[in-house]
Amino acid sequence: MKYPRMTIAFSLIVVFLSSHIAAFGAPQATNLERVLSWLPSDTETVFVAKGPFTIPAAFPQHEPVTDKVTDKEVDQMLQCLPMALLDVEKGHLLQQLKGQRVDAAIEGSRHARPPSGLGGQQYEGAAIVVLGPGSQIASNAVLQKLQGESIRSEEIQGLHVLVFQEKMEDDLWTTYLAFPEKDVVVVATDRGYLEEVLTRRKGGAALERALPNSLPEWGVIDQKAAYFGIRHYDRSQAQSDPSSPFGGRKTANFPDEHAIGFAFSIDKATPGRVAMTYFSRDPAITSEQSPFQILRTSSDARDIDSQFRFIEPGVVQASCSFKTVEGLDFFVFLLEAFMGHAIYV
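Residues numbered from 1 in each chain as written. Predicted model: local features only at pLDDT ≥ 70, side-chain atom pairs only at ≥ 80, totals over all residues. Heavy atoms only, no water.

### Observations regarding the layout of surface pockets
Selection criterion: Using protein atoms alone on a 1 Å grid, points that fit a 1.4 Å probe yet trap it form a cavity, whereas open point sets bounded by protein on both sides within 12 Å along at least five of seven lines form a pocket; residues with an atom within 4 Å of a point count as lining. Grid points are joined across faces, edges and corners, and a volume is the space filled by probe spheres set on the points. Counting from the N terminus, the helices are DSSP H or I runs at least four residues long and the strands are E runs at least two residues long. When residues are sorted by character, Ala, Val, Leu, Ile, Met, Phe, Trp, Tyr, Cys and Pro go into the nonpolar class, Asp, Glu, Lys and Arg into the charged class, and all the rest, Gly among them, into the polar class.
The volume enclosed by the largest pocket comes to roughly 150 Å³. Secondary structure elements with two or more residues in the lining of the largest pocket: strand S2 (101-113), strand S4 (122-131) and strand S7 (171-181). Its residues placed into classes, the lining of the largest pocket shows 3 nonpolar, 4 polar and 3 charged.

Shown next, in the form of structure tokens:
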């Protein structure tokens, strides 16, 4: 499994932190709410991409270039964020699923950890992809084709699950592949997280939902947008997650003991731009004194057009568009760090 997020050849920014609008039709709303209810209640981060779009044969792997970025490239990069875990075993799962029409793709995660050296933060989580109306996966055939590449198979909540391991940089990543429904694929990084997802899938609406609608982060998100995500900081992870804002400066955070959360979506005010919003109980927070200061100070952000907004005390926003592919790559690099998926390069 490769990182489908670009590994940017910048010097070690162990960051101090180291488009379209789609109509929100009924099937999408149903699938999104349904899958959110499957996520464990202590899920900290969610990435969402809403269809219709198709699963590619491979995720974008950009070299640092100064070519002008296209809307299609922005879409492709944001679509791959919640589907990154599908890049299992050298992309062979993607090859089996390519061309399938996606209705909604959601990744939920929690308990992020630093890598052993370089590479991406490890975390407990799952990518869940729901196919569009009329689409279904020949799951038995896919499992049979991938069986030989797995290290073992297990039965979890009555489902046949394949387990894969792959070395990435200095870490060994384990992933679990399951097909709980004829039009749903799940790839998880942790057996316990997967088991919770599959258990909650049977539990109905009575269970406490991850990241409930009462959180302030939902208030700035355009839930009709094709792409959005939120992170509601989990203070219990302060000692083990280097991207947590709590517990002082770490290798991949902006320290803020009053931090609440982070959100992004296609900009409500200006479609075609991506708006990121930071929430804190500190009323003195500004774009200069927030995670967004890197967009003002880093030379690597030169190809990102950033507009900063003060929303209310403790809430600041950066609305971004991209002049070049390199600018888009650096933006996604930062976005993943803000969302607890920092990549150490």
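Still more ground to cover, so stick around.
### Side note on the confidence of the model for the protein
Low pLDDT marks stretches whose predicted atomic positions should not be read closely. To keep things clear, this is the line we draw: Each residue carries a pLDDT value, the predictor's own confidence for that position, ranging from 0 to 100. We call two residues in contact whenever any of their non-hydrogen atoms come within 4.5 Å of each other.
Mean pLDDT for the protein: 87, with 89% of residues reaching 70 or above. Long-range and interchain partners of residues 2-29, a stretch whose pLDDT sits below 50, account for 99 contacts in this model, where long-range means more than four residues apart.

### Quick look at helix H5 (residues 191-201)
Where we set the bar: Only protein chains enter the accessibility calculation, which uses a 1.4 Å probe; a residue whose area is less than 20% of its type maximum is buried, one above 50% is exposed, and one in between is partly exposed. Summarising the geometry, the arc corresponds to the directions from the helix axis toward the C-beta atoms. Any pair of N or O atoms that falls within 3.5 Å is considered a polar contact. Within protein, one atom must be able to donate a hydrogen and the other to accept it, and sequence-neighbouring residues count only if both atoms are side-chain atoms.
The complete set of buried residues in H5 reads Tyr193, Leu194, Val197, Leu198 and Arg200. When H5 is viewed along its axis, its buried side chains cluster within an angular range of 165° and face the same direction. Capping of H5 at its N-terminal end is provided by aspartate 190; its side-chain oxygen lies 3.1 Å from the backbone amide nitrogen of glycine 192.

### Digging into the packing of helix H2 (residues 71-80) against helix H7 (residues 325-338)
Stated precisely, the cut-off is as follows: Angles shown run from 0 to 180 degrees and are taken between the N-to-C directions of axes, each axis being a line fitted to C-alpha atoms and, for helices, limited to the stretch in contact. Each angle is binned into one of four classes, with values under 35 degrees roughly parallel, values over 145 roughly antiparallel, values of 65 to 115 roughly perpendicular, and all other values oblique. Here a crossing is called left-handed whenever its near helix is offset anticlockwise from the far helix by less than a right angle, and right-handed whenever the offset is clockwise.
Interaxial distance between H2 and H7 falls to 11 Å at its minimum, and their mutual angle equals 20°. Between H2 and H7, the angle falls in the class roughly parallel. Crossing of H2 over H7 shows right-handed handedness. For the pair H2 and H7, the contacting residues are Glu73, Val74 and Met77 in the first and Val325, Leu328, Asp329 and Val332 in the second.

### Some thoughts on the environment of cysteine 80
Positionally, cysteine 80 belongs in helix H2. Look at cysteine 80 and you get buried, because its relative accessible area is 2%. On a C-alpha basis, the gap between cysteine 80 and phenylalanine 59 in space is 6.7 Å, while along the polypeptide they are 21 residues apart.

### Some remarks on the sheet that holds strand S11 (residues 274-280)
What counts is decided by this rule: Note on pairing: two strands pair once DSSP finds at least 2 bridges between them.
Across the sheet, which stays open at both edges, the 12 strands sit in the order S5-S6-S7-S8-S4-S2-S1-S9-S10-S11-S13-S12 with antiparallel pairing between neighbours. Looking at which strands have only one partner, the edges of the open sheet turn out to be strand S5 (152-156) and strand S12 (304-312). Between one strand axis and the next, the sheet turns through 20° on average, direction left out of account. Pairing analysis gives 8 bridges linking strand S1 (residues 45-54) to S2, with the strands arranged antiparallel. Within the sheet, the bridge partner assigned to threonine 45 lies in S2 and is serine 109. Sheet strands in contact with helix H4 (residues 139-146) are strand S6 (159-168) and S7, and its direction is about 155° off that of S7.

### A look at the nonpolar core
Spelled out, the test is: Buried Ala, Val, Leu, Ile, Met, Phe, Trp, Tyr and Cys residues form a nonpolar core when they are joined through side-chain atoms within 4.5 Å.
Ranked by internal contacts, the top residues of the largest apolar core, which has 73 residues, are Leu177 and Met276. Among all residues touching leucine 177, those that are not within four sequence positions of it are Leu93, Leu143, Leu146, His160, Val161, Leu162, Phe164, Val185, Val186 and Val187. The next biggest cluster of nonpolar side chains, apart from the first, holds 36 residues, and it includes Val163, Ala178, Leu194 and Trp218.

### Thoughts on H7
Our working definition: A helix is expected to reach a length of 1.5 Å times the quantity of its residues less one.
An ideal rise of 1.5 Å per residue puts 20 Å on 14 residues; H7 measures up with 20 Å between its terminal C-alpha atoms. Along H7, 14 of the 14 residues are buried, which leaves the element largely enclosed by surrounding structure. Looking one or two places after H7, you find glycine 340, whose phi comes out positive at around 90°.

### A look at the pattern of salt bridges
Put simply, the test is: For this document, the term salt bridge refers to a Lys or Arg side-chain nitrogen within 4 Å of an Asp or Glu carboxyl oxygen.
Summed over the entire model, instances satisfying the criterion amount to 15 salt bridges. A salt bridge links glutamate 196 to arginine 110; its shortest N-O distance comes to 2.9 Å. Placement of glutamate 196 in helix H5 and of arginine 110 in strand S2 is noted, with a sequence separation of 86 residues between them. Overall, glutamate 196 belongs to the partly exposed group, its relative accessible area being 31%. Arginine 235 is paired through a salt bridge with glutamate 257; the nearest N and O atoms lie 3.4 Å apart. Residue arginine 235 is found in the loop between strand S9 (227-232) and strand S10 (259-266), and its partner glutamate 257 is found in the loop between S9 and S10; the two are separated by 22 residues along the sequence. It is possible to trace a salt-bridge network through shared partners that takes in Asp42, Arg110, Glu124 and Glu196.

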